[in-house]
Amino acid sequence: MRALFIGGTGLISSACSAAVAAAGHDLWLLNRGRSRLEVPLPPGRTIIADAYNEAEVRAALGRREWDVVVQWIGYLPGQVQQDLRVFSGAGQYVFISTAATYEKPPSHWLVSEKTPQSNAYWDYGRQKIACEKLLIEAGERSGFPYTIVRPSLTYGPSQIPVIIGSWDKPFTIVDRMRRGAPIIVPGDGTSLWTITHNSDFAQGLLGLLGHPAALRQDFHITSDEALTWDQIYSLVGAAAGAVPNVLHVPSDAIVAADPSERGSLFGDKIYSTVFDNSKLRGVVPDFRAQVPFAAGITETVAWFDADPGRQAIDEAANRGWDSLAAIYQEALARAGQ
């Protein structure tokens, strides 16, 4: 199978690139060649181009043909419209969407591919919904061979998945735990959430690539392990050798202090969400997530601890969390007087 990954060097896509290459497929990447993540490919398999510039993409690809194209960095409908033109002859076009397209707030805690899609709180989710609609319309109109894949919160050695943290400087949360600084958790910490290791996601995706039953279908790929946010932070702390100083703060207060959190919280992570992977298993029967969070996060924290250069601290985030914690702790103290 000859596959093209548009992107292919991110947190999730790098694990998928490794899995596809290890399976013996002829994998190529199209990106700007700027990622620091290493992807095990033979020399010359990276095509350098701006994926959002149609003329540049066409010139870089030339007359190459693809059995599978996976779009990892498509976020806007215009980008998908470009792909519909450029990759009209592909055997399969896989669009990496997001589980944030499912209705928020949810009408039920168990999510399947039949769950309605809407997101009033997060433009990211709404744009992905619009992208999906373009693909579905193209499939109905011309038989375009799309497959939609929706990851939820996914992590790997280079990312620590928490609900309130620094995505760009993940070690910040470990540093706070080890210092005993307040760890802000929305609500009462009992909402259930599903976190998936990137290697598990990769195995699910690998089974869908080139599979006829995946054409013009949508799937999410997640772990079956559901944990409360308090359990998740406790496991991060155990991996870091610390007991988190958890401070439960209402989501409204967090968003009031930092409006940029509105989408991620109200549009995604504050609701109890468990995913039904039975549709995926109908096509990939052997799919089972193999990495429990306790094991995966231990590996992740060890990856950060192995190199001080990976331990960047988000000082701006620290200041914001400390300020919010001080306000809320003072309010609690007054309430207890």
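Residues numbered from 1 in each chain as written. Predicted model: local features only at pLDDT ≥ 70, side-chain atom pairs only at ≥ 80, totals over all residues. Heavy atoms only, no water.

I tried to follow the overall build of the chain on my own but got confused; where do I start?
Helix and strand content of the chain: 12 helices and 15 strands. The C-alpha radius of gyration computed for the chain amounts to 21 Å, which stays within 12% of the reference 20 Å derived for 337 residues, consistent with globular compactness. The C-alpha extent of the chain, read off along each of the three principal axes, is 75 × 45 × 40 Å. For the chain, the proportion of its 337 residues judged to be buried stands at 51%. About 14,800 Å² of surface is accessible on the chain, with carbon and sulfur atoms providing 51% of the total. Charged side chains in the chain number 29 positive and 35 negative. The centres of these two groups are separated by 5 Å. (Helix = DSSP H or I, 4+ residues; strand = E, 2+ residues; numbered from the N terminus. Rg over C-alpha atoms; globule rule 2.2 N^0.38 Å. Buried < 20%, exposed > 50% of the residue type's maximum accessible area, 1.4 Å probe, protein only. Areas by Shrake-Rupley, 256 points an atom, 1.4 Å probe, with all protein chains shown as cover. Lys, Arg positive; Asp, Glu negative; His and termini not counted. Charge placed at Lys NZ, Arg CZ, Asp CG, Glu CD.)

Could you clarify how one ought to interpret the side chain of asparagine 119 in this entry?
Along the chain, asparagine 119 turns up in the loop between β6 (110-111) and α4 (123-142). From its side chain, asparagine 119 meets the backbone oxygen of alanine 100 in a polar contact 2.9 Å long. Looking at asparagine 119, its side chain comes within polar contact range of the main-chain nitrogen of tyrosine 121, at 3.1 Å. Those residues in contact with asparagine 119, other than ones at most four positions away along the chain, are Ala100, Lys104, Arg126, Ile129 and Gly267. (Polar contact = N/O pair within 3.5 Å; in protein donor to acceptor, adjacent residues only side chain to side chain. Contact = heavy atoms within 4.5 Å.)

Quick question: what am I supposed to make of the sheet that holds strand β1 (residues 2-6) here?
Within a sheet, adjacent strands bond to each other through the backbone by hydrogen bonds, running parallel or antiparallel. Strand order across the open sheet formed by 7 strands is β3-β2-β1-β4-β5-β7-β12, with parallel pairing between neighbours. Edge positions in the sheet fall to β3 (46-48) and β12 (217-221), since each has one partner strand and no second. Along the sheet, successive strands turn relative to each other by an average axial angle of 20°, direction set aside. Pairing geometry for β1 and strand β4 (residues 68-71), over 4 bridges, is parallel. Paired with phenylalanine 5 across the bridge in β4 is valine 70. Its contacts with the sheet place α4 against β5 (93-96) and β7 (146-151), and it is angled at close to 155° to β7. (Pairing = 2+ DSSP bridges. Axes fitted to C-alpha atoms, helices over the stretch in contact; angles between N-to-C directions.)

Can you walk me through the environment of leucine 227 in this structure?
For leucine 227, the position within the fold is in strand β13 (residues 226-228). Relative accessible area serves as the criterion here: at 12%, leucine 227 is assigned to the buried category. Counting along the chain gives 66 residues from leucine 227 to phenylalanine 293, while the straight-line C-alpha distance between them is 9.0 Å. Each residue touching leucine 227, except ones within four places of it in the same chain, is listed here: Ser191, Leu192, Trp193, Ile232, Leu235 and Phe293.

Keep in mind these values describe shape, not function.
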